[in-house]
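# Chains, contacts and geometry: an overview
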Amino acid sequence: LIRLFVTQDLAANAQIELAPEQAHYLANVMRLKAGDELLLFNGQDGEWRAGMAQVTRRAAVLTAVALARPQTRGPDLDLVVALVKRARLETIVEKAAELGARRVRLAITERTNAERARVDRLAAIAVEAAEQTGRLDVPAIEPPQKLARLLADWPAERPLMFCDEAGDAPPALAALAGRGGGAWGVLVGPEGGFSAGERVLIRGHAATVPVSLGPRILRADTAAIAALTLWQAALGDLGGP
Ligand code: SAM
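Report on the accompanying structure. (Residues numbered from 1 in each chain as written. Predicted model: local features only at pLDDT ≥ 70, side-chain atom pairs only at ≥ 80, totals over all residues. Heavy atoms only, no water.)

### Some words on the pattern of salt bridges
The tally for this structure, following the rule as stated, stands at 24 salt bridges. Two residues, D221 and R88, come together in a salt bridge whose shortest N-O distance is 2.8 Å. Here D221, found in helix α7 (residues 220–235), pairs with R88, found in helix α2 (residues 86–98); they are 133 residues apart in sequence, far enough to count as distant. Classification of R88 by relative accessible area gives partly exposed; the value is 27%. (Salt bridge = Lys/Arg side-chain N within 4 Å of Asp/Glu carboxyl O. Helix = DSSP H or I, 4+ residues; strand = E, 2+ residues; numbered from the N terminus. Buried < 20%, exposed > 50% of the residue type's maximum accessible area, 1.4 Å probe, protein only.)

Next up, the structure:
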């Protein structure tokens, strides 16, 4: 069954009028017709089976029929990633959604590969990935912030897994062993890495947990995927030890 993220409230017999582009997708791409069923979720009310009440090329109205899955959310995990080039950043957002990040926070650092990001485009990618991956919420994409500001606002009690390629950090699983799950962050730098000054700033933060992702230097997108997977396996919902 097709899954669709909607913004309207979901309840029994709720009438959901889709946005034109969603109606177009269902009618013309997926060739759904009146009477067909699909799944709706909005990040709050769980996942609902819904029927196509009416559909035209540009409009569709759905009726929510029955709750298929009650609302759940994955771990309270932020991915904090330095702005890298557009294509890689889009990959990072898509993989962060699949790997259960609750938020993606974009950081501007001294060696950032870009100063701006199309947050609306990244949000759309997060929705598509959430629909595909079967999660019941969509990761929020927070607009770019300077690293110093982001760290200044970061709570000391929210551990921040700092992916530090400098080579002197303990292996990730060793660093995470024995720690509690709960609200965490994962920090990944830009293609040019963090500057020495940034490394001092990050390691000076009370929340920082430096980790190594192994003996090879990973590209930012690979590092984000590896770090999220390691965290989820050790402390999250990937079935830890
Ligand atoms: N400074 C790197 C170099 O010497 O080429 C470039 C940075 S790397 C392409 C991008 C980011 O991925 C790093 O800032 C770090 O956060 C993470 N990363 C890559 N490899 C890593 C490793 N082996 N251990 C920990 N973090 C790593």
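### So, the site of the ligand
Surrounding the ligand, one finds 18 residues, the nearest of these being C163, E165, L213, R216 and L218. With respect to the ligand, the backbone of C163 contributes an N or O atom lying 2.7 Å from an oxygen atom. Between a nitrogen atom of the ligand and a main-chain N or O atom of L218, the distance comes to 2.9 Å. Of the residues that constitute the shell around the ligand, the class distribution is nine nonpolar, four polar and five charged. (Near = heavy atom within 4 Å. Polar contact = N/O pair within 3.5 Å; in protein donor to acceptor, adjacent residues only side chain to side chain. Nonpolar A, V, L, I, M, F, W, Y, C, P; charged D, E, K, R; others polar.)

### Structural notes on a nonpolar patch on the surface
A grouping of Y25, V29 and M30 is seen on the molecular surface, where their side chains present a nonpolar patch of about 250 Å² in accessible area. Looking at where M30 falls in the secondary structure, it is placed in the loop between α1 (20–29) and β3 (37–41). (Patch = residues over 30% accessible without salt bridge, like charges linked within 9 Å, V, L, I, M, F, W, Y side chains within 5 Å. Areas by Shrake-Rupley, 256 points an atom, 1.4 Å probe, with all protein chains shown as cover.)

### A closer look at the pairing of strand β6 (residues 77–82)
The element β6 is largely enclosed, with a buried count of six among its six residues. Burial along β6 is two-sided: L77, L79 and V81 and D78, V80 and A82, pointing in opposite directions, are all buried. In this sheet, strand β10 (residues 184–188) lies alongside β6 in parallel orientation, the contact comprising five bridges. Across the sheet, the residue bridging to V81 is V188, located in β10. In this sheet, strand β7 (residues 103–108) lies alongside β6 in parallel orientation, the contact comprising five bridges. Following the sheet pairing, V81 is matched in β7 by L106. Chirality of the crossover, the property in question, places the unit of β6, α2 and β7 among those that are right-handed. (Pairing = 2+ DSSP bridges. Right-handed = clockwise from strand over helix to strand, strands pointing away.)

### Let's talk about the packing of α2 against α7
It is at 9 Å that the axes of α2 and α7 come closest, and there the two elements cross at 10°. Taken together, the axes of α2 and α7 are roughly parallel relative to one another. Of α7, the residues touching α2 (which contributes R88, I92, K95 and A96) are A220, D221, A224, I225 and L228. When its residues are assigned to classes, the contact of α2 with α7 shows six nonpolar, no polar and three charged. (Axes fitted to C-alpha atoms, helices over the stretch in contact; angles between N-to-C directions. Parallel < 35°, antiparallel > 145°, perpendicular 65-115°, else oblique. Contact = heavy atoms within 4.5 Å.)

### Observations concerning the environment of L160
Secondary-structure assignment places L160 in strand β9 (residues 160–163). What L160 contacts, discounting residues up to four positions off in sequence, is V80, L151, W154, W184, G185, V186, L187, A207, T208 and V209.

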